[in-house]
Number of protein chains: 2
Amino acid sequence: MRSFSNDNGSYCCDMRGMLGFLILFLLSKKPMHGQEIAEEIARRKGERPSPGTIYPALKSLREMGFIASDEREGKTIVYTLTERGKNALRISKRRFIRTFLGVFP
Amino acid sequence: MRSFSNDNGSYCCDMRGMLGFLILFLLSKKPMHGQEIAEEIARRKGERPSPGTIYPALKSLREMGFIASDEREGKTIVYTLTERGKNALRISKRRFIRTFLGVFP
DNA sequence: TTATATATATCGCATACCCAATATATTATA
DNA sequence: TATAATATATTGGGTATGCGATATATATAA
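Thresholds applied
Residues numbered from 1 in each chain as written. Chains lettered and ligands numbered in written order. Predicted model: local features only at pLDDT ≥ 70, side-chain atom pairs only at ≥ 80, totals over all residues. Heavy atoms only, no water. Pairing = 2+ DSSP bridges. Helix = DSSP H or I, 4+ residues; strand = E, 2+ residues; numbered from the N terminus. Phe/Tyr/Trp six-rings, centres within 6.5 Å; stacked < 30°, edge-to-face > 60°. Buried < 20%, exposed > 50% of the residue type's maximum accessible area, 1.4 Å probe, protein only.

Caption draft 1: Inspection of the pairing of strand β3 (residues 78–81) of chain A at higher detail. Taken together, the 2 bridges between strand β1 (residues 32–33) of chain A and β3(A) define a ladder with antiparallel strand orientation. Residue pairing for β3(A): A:His33 is matched across the bridge by A:Val78.

The following block contains the structure:
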């Protein structure tokens, strides 16, 4: 279990598998482009997902119809939640909240 | 991304990778044995982790010194958080809370 | 224009995660 | 005792996940 591998016993859980959820949640607050998302995740997790992480994830979410990429404006491509994505997020959030009930203060 | 594979667009995120964290959290509330933990996770997630999931996870956590297994009492083996585990959980919780800030109402 | 910086994209890969199947141990019941 | 039920344990394997390296595109600076 890589998630718990630090030797001083102070680190656990890299939250593998939550990236898609996190992206959907972040996009539900405001449309963003890739690097913006990576930055926000870095702020929260303390570790910035690499390009090889963030873009395949975005592609996957787009292919599933959860997010839409607006036309390229300048260097960036802005992603927005679709209705389908909003719905998926709503359901997932419920599950998430029920699963981790009590973890939040 | 298996996590988002349902076709009606209502499902996302199986929270793969959070099992260890969840177990630590549950054990922080009260000592439990394997099946008890599986049951509680089932209640929360709606899906019961199989024996092949829960026991290797427990073993891994024990090997890392995060949990201790009390002597077998009857059929069951009760697991408790160690000091090390409490510490790891505290750190992870902080990270978790900061990462998913705003998801909880 | 050329050079540099930033954003996006893809591909291969190691590995972690979890499950199905199976085995063992203990207890309860007939 | 034999049988069933429950709890624990292990192993092999499928697969998703995320990263490193690399490539491309656009924009800005020199």
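Caption draft 2: Examining the sheet that holds β3(A) more closely. Within the open sheet, the 3 strands sit side by side as β1-β3-β2 (chain A). Their pairing is antiparallel. Looking at strand neighbours, the two that pair on one side only are β1 and β2 (67–69) of chain A, the edges of this open sheet.

Caption draft 3: Here's a closer look at the packing of aromatic side chains. All names here are of chain A. Applying the stated criterion to the full structure yields 12 aromatic pairs over all chains. Aromatic pair Phe-96 and Phe-100: ring centres 5.0 Å apart, planes at 55 degrees, arrangement tilted. Given the relative accessible area of 0%, Phe-96 is considered buried. Given the relative accessible area of 0%, Phe-100 is considered buried.

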